[in-house]
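Structure at a glance
Residues per chain are reported as follows:
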Amino acid sequence: MMQQRGLSILCGAACFCLGLAKLPLHFQSGIVSLFVALWLVMMGFFLIANLNDLIRQIRLEQRRKEAERRRQWLEAERQWKRQRRLAVYQR
């Protein structure tokens, strides 16, 4: 999923660069200038949305790993306490 999101960001960045290359030097009020401006705004929103989603996915994955690490630590702690309790009863 993250590779797909990375590919989307790469394509969006390429489209944004294409729009920048087509930007006229003298910004006129013609239809071409309007199209290029709208294209750049649309690609900017596309990039921002995909970057935001990618960052959210990375944070979610980090939280999952941290929760798993904590769960494993708690399980190890419980087992250690059980073993200690059994050792006390066996004396």
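Read on for an overview of the structure. (Residues numbered from 1 in each chain as written. Predicted model: local features only at pLDDT ≥ 70, side-chain atom pairs only at ≥ 80, totals over all residues. Heavy atoms only, no water.)

**Quick word on the overall build of the protein**
- Looking only at helices and strands, the protein features 2 helices and 0 strands.
- Across the 91 residues of the protein, 15% fall into the buried class.
- In the protein, once contacts between residues fewer than 6 apart in sequence are set aside, the share between residues at least 24 apart is 69%.
- Accessible surface for the protein amounts to roughly 8,100 Å². Of this, 63% is attributable to carbon and sulfur atoms. (Helix = DSSP H or I, 4+ residues; strand = E, 2+ residues; numbered from the N terminus. Buried < 20%, exposed > 50% of the residue type's maximum accessible area, 1.4 Å probe, protein only. Contact = heavy atoms within 4.5 Å. Areas by Shrake-Rupley, 256 points an atom, 1.4 Å probe, with all protein chains shown as cover.)

**Considerations on helix α2 (residues 31-90)**
- Between its first and last C-alpha atoms α2 spans 88 Å; for 60 residues at 1.5 Å apiece the expected length is 88 Å, and the two agree.
- Taken as a whole, α2 has its buried residues at S33, V36, L40, M43, G44, L47, N50, D53, L54 and Q57. (Expected span 1.5 Å × (residues − 1).)

**Overview of the pattern of salt bridges**
- Considering all chains together, one arrives at 6 salt bridges under this definition.
- A salt bridge links R64 to E61; the shortest N-O distance between them is 3.8 Å. Of this pair, R64 and E61 both sit in helix α2, 3 residues apart, which is roughly one turn of the helix.
- Residue class for E61 comes out partly exposed when judged on its relative accessible area of 30%.
- For R78, the salt bridge identified is with E75, shortest N-O distance 3.9 Å. Of this pair, R78 and E75 both sit in helix α2, 3 residues apart, which is roughly one turn of that helix. (Salt bridge = Lys/Arg side-chain N within 4 Å of Asp/Glu carboxyl O.)

**What about the environment of L54?**
- Summarising the element assignment, L54 is placed in helix α2.
- Of the residues examined, L54 reaches a relative accessible area of 18% and is grouped as buried.
- For the pair formed by L54 and Q3, sequence separation is 51 residues and the distance between their alpha carbons is 9.6 Å.

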